[in-house]
Amino acid sequence: MKKIFLMAVAAMLLAAPATQAQKINGEELNATLAKSDAEIQDVKKNGKSATWVKRAQTIYGAISAPTKGLYTPGMVETLLKPTMGDPAGQGEAAIRTGAAQAYNYAWVDVYLQGGQVVAWTQTREVRPNLYEEFVAAVNKAQELDPKAAAKLKGVMGDIVNFYKQEGNVNYDAAQYRKAADGYIKAYSLMENPAYGAATDPALLYNAGYLLVVDGNTNPESFVLAEQVLRKALENGYSDEQGGAFYYLFHSCYGQAQQAEGEAKAALLQKAKAALTEGIEKYPTNENIISSFLGLYMSEPSVGDASELIGMIESAVARDPQSVEMWSSLALANYQMKNFEAAIAAGQKAAELAPDSFDSNYRQGIFFAAQGDWLLEEINKRNYTRQSDYDADLALSNNAYRGAVPWLEKAFEIDPTNRSVVETLKVICFRLRDEEGMMDKYNKYNTLLKQM
């Protein structure tokens, strides 16, 4: 996830002394809001843009009050009491980064690790629907006076940053639905003319990703995930990996698992369409390729894997000098257990990038996987002739033998990679009766012990 970081404000360090610890007075905040409510009921004041600008500022104060003074990363535990007062309770909690100490305040739960605040989640609001009231106040101020946008710019920047932070800290607190809500609100506020700066569709991508995660336990989140991910793409979001299409697929597929009949069929086609657009734009995305193959295997009604191979082959034809395209073709065939085709495509990728660790390592893995598969087939058969068994075993060993030079080249490129050394050790031991293989086994076994 692309996390939206906020700058810590140095002034926060200048907290009030312990004898003046911050107290959140809900009655006082509600009284201030009630005064604003009365002002907009006054016929004269209701028609003034300034009344609504002031109301927006008042509402923002009520929205931000429960977490005012908190900041992360870097806020140390010793500043909590001067800022927040004594907690009503404390204990342990599981958050995204592991076990944390939880301080439970009247309005917020604060999580600490290593003596520092790492996250929090607000548990109470001063009153319901303050976000909606804030938006209404901003819109009314501009309706009455288009020039009010300039007066609102400051509070708009503050509230956007507030909801970005709500996304960040709730993400770290593993409150994924709340985090998504924060990012969505921040983006929606950016769309208002009073914000006066460019929107950031990464906020919508963050929200969509988190809603997909939340959908695993709350399937209704998949619907909103689809909506915000489509909006992110419509508003120009892109990344190097094509993650938005991968999560868009999961948002549609997650909905399909809750549907039946024609509704399910339509959602499966939407899921496939997300992958299709994704593979066209990001043909080297391994997650998209794997998801495509998984979809074909679990839902035969959407088509078969030859469609995917055809799409990648078309991409290769358009750019035959692309190492990434040949690698994707090799990977797709490998995952389908088309080992000969995988090895052929992998050979092309390695020819185009002879000094690439990935090209050499993957080619070694393709050969090794072919050897494993042939060995599994041997174990399934009941042989009546030794010669047949020996012939099949020779095919398997040939595949293992083919893996060795590729893996050794990968080792030369990156001698610190444990996976390469471990794989070479296993293969060389299997081929230990062949000339030179026992020496190789001893070499890689020794190296592995040293790692």
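In case you missed it, the structure is sitting above this.
A few points on the structure. (Residues numbered from 1 in each chain as written. Predicted model: local features only at pLDDT ≥ 70, side-chain atom pairs only at ≥ 80, totals over all residues. Heavy atoms only, no water.)

Regarding the pairing of strand β4 (residues 116–122)
- In terms of residue burial, β4 counts as a mostly covered element, since five of its seven residues are buried.
- Examined bridge by bridge, strand β3 (residues 108–113) and β4 share six bridges and lie antiparallel to one another. What sits directly across from valine 108, in β4, is glutamine 122. (Buried < 20%, exposed > 50% of the residue type's maximum accessible area, 1.4 Å probe, protein only. Helix = DSSP H or I, 4+ residues; strand = E, 2+ residues; numbered from the N terminus. Pairing = 2+ DSSP bridges.)

Considering the pattern of salt bridges
- Enumeration according to the criterion identifies 21 salt bridges in this entry.
- Linking glutamate 143 and lysine 140 is a salt bridge whose minimum nitrogen-to-oxygen distance equals 3.6 Å. You can see glutamate 143 and its partner lysine 140 sitting in helix α5 (residues 130–144), three residues apart, about one turn around the helix.
- Taken together, the salt bridges that share partners define one network made up of Asp37, Arg55, Arg127 and Glu133. (Salt bridge = Lys/Arg side-chain N within 4 Å of Asp/Glu carboxyl O.)

Description of the nonpolar core
- Formed by 120 residues in total, the largest nonpolar core has its most connected members in Phe134 and Leu152.
- Per element, the largest residue contribution to this core is 10 residues, and it comes from helix α6 (residues 148–172).
- Non-local contacts of leucine 152, meaning those with residues more than four positions away in its chain, are made with Val53, Ala56, Val138, Ala141, Gln142 and Ala194. (Core = buried A, V, L, I, M, F, W, Y, C linked by side-chain atoms within 4.5 Å. Contact = heavy atoms within 4.5 Å.)

Digging into helix α3 (residues 49–64)
- Along its 16 residues, α3 runs 23 Å from first to last C-alpha, staying within 8% of the 22 Å computed at 1.5 Å per residue.
- The buried fraction of α3 is high, at 12 of 16 residues.
- Every buried residue of α3 is accounted for by Ser49, Thr51, Trp52, Val53, Arg55, Ala56, Thr58, Ile59, Tyr60, Ala62, Ile63 and Ser64.
- Tucked inside the fold, the buried residues of α3 contact α1 (26–41), α2 (43–46), β4, α5 and α6. (Expected span 1.5 Å × (residues − 1).)

A short note on the packing of helix α9 (residues 221–234) against helix α10 (residues 243–256)
- α10 packs onto α9 with a crossing angle of 150° between their chain directions and a minimal axis gap of 8 Å. Regarding the angle of α9 to α10, the classification is roughly antiparallel. Of the two possible hands of crossing, α9 and α10 adopt the one that is left-handed. On the side of α9, the interface is formed by Phe222, Val223, Ala225, Glu226, Leu229, Arg230 and Leu233, while α10 contributes Ala244, Phe245, Tyr247, Leu248, His250, Ser251, Cys252, Gly254 and Gln255. (Axes fitted to C-alpha atoms, helices over the stretch in contact; angles between N-to-C directions. Parallel < 35°, antiparallel > 145°, perpendicular 65-115°, else oblique. Left-handed = near helix turned anticlockwise from the far one by under 90°.)

A look at the environment of glutamate 226
- As for its position among the elements, glutamate 226 is in helix α9.
- Note: C-alpha distance between glutamate 226 and glycine 236 (10 residues apart in sequence) is 16 Å.
- Apart from the residues within four sequence positions on either side, glutamate 226 is in contact with Leu248, Ser251, Cys252, Gln255 and Lys270.

Notes on the pairing of strand β2 (residues 98–104)
- Two strands pair when backbone bridges link them, and strand β1 (residues 89–95) and β2 are joined in this way by seven bridges, in the antiparallel orientation. Opposite glutamate 92, over in β2, you have glutamine 101 as the bridge partner.
- Two elements, β2 and β3, share four bridges in a ladder whose sense is antiparallel. In the sheet register, tyrosine 103 faces β3, and the bridge partner there is valine 110.
- If you look at the hairpin formed by β2 and β3, you'll find three residues sitting between the two strands.

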